[in-house]
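Structural features, examined
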Amino acid sequence: MSMYSGLEVRVPFCDHRIVEYAYNMPWDFKALNGREKGVVRRAFAHELPEEIVLRKKSPYPKTFHPAYTRLCADYVRRIFEDSDSIAAHLFNHAAVEALMERPESLAEPWYGQLMRTPQIFAYIIQIDRWLRQYKVRLV
């Protein structure tokens, strides 16, 4: 909504010093009081309404439609079959295949988010595309 209105709100959080500082924080500090973004919640507790500070994190929209899962899984299969794919060598094929067979079997959200099986497949695809785009080679 901000970009549509011509307002850039991401820039302060893209400053490399802030990113480096946040990246190097101990996890217990980031997850202060056992909550995701705990340090941010604490920092703005007196600036924002309580319902904002305490609300559950809502990550970027994503789909759980079975067709999306199937399409992503098919794409990952092609990546894994490609002998030139570096990404194919970075993942446990058996574990990924098990998720392809039973996408609902992922017991816990991945990476502390609300991400499930389709997002794991999309992540593998993104890594493969990035490696190809920048012609990365492992030595």
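Residues numbered from 1 in each chain as written. Predicted model: local features only at pLDDT ≥ 70, side-chain atom pairs only at ≥ 80, totals over all residues. Heavy atoms only, no water.

A count of helical and extended segments in the protein chain gives eight helices and zero strands. When the helices and strands of the protein chain are read in sequence order from the N terminus, they spell out α-α-α-α-α-α-α-α. For the protein chain, with 139 residues in total, the buried portion stands at 22%. In the protein chain, 45% of the contacts between residues at least 6 apart in sequence involve partners at least 24 apart. A total of about 11200 Å² of accessible surface is found on the protein chain, and carbon and sulfur atoms cover 60% of it. (Helix = DSSP H or I, 4+ residues; strand = E, 2+ residues; numbered from the N terminus. Buried < 20%, exposed > 50% of the residue type's maximum accessible area, 1.4 Å probe, protein only. Contact = heavy atoms within 4.5 Å. Areas by Shrake-Rupley, 256 points an atom, 1.4 Å probe, with all protein chains shown as cover.)

Now for the environment of leucine 138. For leucine 138, the position within the fold is in the segment after helix 8 (117-133). Taking the relative accessible area as the measure of exposure, leucine 138 reaches 59% and is therefore exposed. Distance from leucine 138 to isoleucine 86, taken between C-alpha atoms, is 7.6 Å for residues 52 residues apart in sequence. Sequence-distant contacts of leucine 138, that is, excluding residues within four places in its chain, are made with Ile86 and Leu90.

Here the focus is the packing of helix 7 (residues 93-101) against helix 8. Axis separation between helix 7 and helix 8 bottoms out at 10 Å; the angle between their running directions is 135°. In terms of orientation, helix 7 and helix 8 fall into the oblique class. Classified by chirality, the crossing of helix 8 by helix 7 is left-handed. Contact residues: Val96, Leu99 and Met100 in helix 7; Thr117, Ile120, Phe121 and Ile124 in helix 8. Classifying every residue of the contact of helix 7 with helix 8 gives six nonpolar, one polar and no charged. (Axes fitted to C-alpha atoms, helices over the stretch in contact; angles between N-to-C directions. Parallel < 35°, antiparallel > 145°, perpendicular 65-115°, else oblique. Left-handed = near helix turned anticlockwise from the far one by under 90°. Nonpolar A, V, L, I, M, F, W, Y, C, P; charged D, E, K, R; others polar.)

As for its position among the elements, glutamine 119 is in helix 8. Of the residues examined, glutamine 119 reaches a relative accessible area of 7% and is grouped as buried.

This paragraph deals with the environment of arginine 70. Position of arginine 70 relative to the elements: it lies in helix 6 (residues 66-81). Residue class for arginine 70 comes out partly exposed when judged on its relative accessible area of 49%. Each C-alpha atom of the pair arginine 70 and phenylalanine 121 lies 9.6 Å from the other, and the pair is 51 residues apart in sequence.

On inspection of all chains with the given rule, the structure shows six salt bridges. Among the charged side chains, a salt-bridge network with shared partners connects Arg35, Glu36 and Arg41. (Salt bridge = Lys/Arg side-chain N within 4 Å of Asp/Glu carboxyl O.)

Bear in mind that shape data such as this cannot, by itself, settle questions of function.
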